[in-house]
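Summary of the model geometry
Here are the chains, one letter per residue:
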Amino acid sequence: MTDSPRPRDTRTALVDRWRDTLLAARSGAPGPDPLPYAENLLDRWDEPQRRYHTTAHLTAVLDRIDTLAGYAADVHAVRLAAWFHDAVYRPDRTENEERSAALAERALPEAGVGEAVTAEVARLVRLTVTHDPAEGDGNGEVLCDADLAVLAGSPQEYAAYAAQVREEYGFVPDEAFRAGRADVLRQLLALPRLFRTPHGAAEWEARARHNLATELELLGSSSGPQ
């Protein structure tokens, strides 16, 4: 479950996955060589400010989409959305999802993807702001479940994930980080369901809620006297 670093040659496997997904999303339409687009995206995912939002996270999300693929109306659009959902990532900014969606809207038509699929990819990327897809939105449910599945790791895996998030926000003082992180955890716990697919609800919901509640309790206990 953990999004731990993987060998460097995983980049080759990711390039292959990108090529297969892009060609499928084109539905036989002509287009340019997929490789430069893969290299550009992977360079973004390898940027030095990232600790959690890395190619390891991308690989994990793609793997989970494979598990959940049967629930999606257009799994190729969902996979493309996974590639773009954190393609623009600066922890000191709040518009990452919007900028990532805009990148998809520019790059995908140039790469030979049709207007309808491009629009769906951008919609899905923007949905990761809230991770709250509408009832019956199969594509959104699959992407959001795949992205949030890290919350359902073992205690050790979850602790590693939380530590990576803290590293990404290393420029934020401890007290401010605890307050902001606690708000995020409360928002997630307030959702009626974290996971919308049957698989996610059965396999990940209970563990994720336990992990979130545990982290929230630890944040409170580490903040000192109130």
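No experiment lies behind these values; they were computed from the predicted model shown.

**A look at the side chain of E215**
Looking at the element boundaries, E215 is found in helix α11 (residues 205-221). Only 2.9 Å separates the side chain of E215 from the side chain of R181, close enough to count as a polar contact. Not counting the four nearest positions on each side in its chain, E215 is found in contact with Y158, A162, R181 and L185.

**Points about the pattern of salt bridges**
In this structure the tally under the stated criterion is 21 salt bridges. With a closest N to O distance of 2.8 Å, D43 and R11 form a salt bridge. Of this pair, D43 sits in helix α2 (residues 35-45) while R11 sits in helix α1 (residues 10-26), placing them 32 residues apart in sequence. Here R126 makes a salt bridge to E105, at a shortest N to O gap of 3.1 Å. Of this pair, R126 sits in helix α6 (residues 115-127) while E105 sits in helix α5 (residues 96-110); the two residues are 21 residues apart in sequence, bridging distant segments of the chain. Classification of E105 by relative accessible area gives partly exposed; the value is 35%.

**Regarding the confidence of the model for the chain**
Detailed reading of the predicted model is not advised wherever pLDDT is low. In the predicted model, the chain carries a mean pLDDT of 94, and 94% of its residues have values of at least 70. The model gives residues 2-7 a pLDDT under 50, and that stretch makes twelve contacts with residues more than four places away or in other chains.

**Let's talk about helix α3 (residues 55-68)**
The first and last C-alpha atoms of α3 sit 20 Å apart over 14 residues, in line with the 20 Å expected at 1.5 Å per residue. Most of α3 sits inside the fold, with ten of its 14 residues counted as buried. Within the span of α3, buried status applies to A56, H57, L58, T59, A60, V61, L62, R64, I65 and L68. Summarising the contacts, the buried residues of α3 are in contact with α1, α2, α4 (75-84), α7 (138-148) and α10 (198-203).

**Quick word on the packing of aromatic side chains**
Going through the model one piece at a time under the given rule, you end up with seven aromatic pairs. Between the aromatic rings of Y169 and F177, the centroid separation amounts to 6.2 Å while the plane-to-plane angle is 45 degrees, which identifies the pairing as tilted. Here F177 falls in the buried class, since its relative accessible area comes to 13%. Residues F195 and W204 carry aromatic rings whose centres are separated by 5.5 Å and whose planes lie at 65 degrees to one another, so their mutual orientation is edge-to-face. This pair shows no difference in class: F195 is buried, exactly as W204 is. The structure contains a cluster of three or more aromatic residues connected by ring pairs, namely W18, W83 and F84. A cation sits over an aromatic face here: R50 above W45, 5.3 Å from the ring centre.

Each value, and the rule that gives it
Residues numbered from 1 in each chain as written. Predicted model: local features only at pLDDT ≥ 70, side-chain atom pairs only at ≥ 80, totals over all residues. Heavy atoms only, no water. Helix = DSSP H or I, 4+ residues; strand = E, 2+ residues; numbered from the N terminus. Polar contact = N/O pair within 3.5 Å; in protein donor to acceptor, adjacent residues only side chain to side chain. Contact = heavy atoms within 4.5 Å. Salt bridge = Lys/Arg side-chain N within 4 Å of Asp/Glu carboxyl O. Buried < 20%, exposed > 50% of the residue type's maximum accessible area, 1.4 Å probe, protein only. pLDDT = per-residue confidence, 0-100. Expected span 1.5 Å × (residues − 1). Phe/Tyr/Trp six-rings, centres within 6.5 Å; stacked < 30°, edge-to-face > 60°. Lys NZ or Arg CZ within 6 Å of the ring centre and 35° of its normal.

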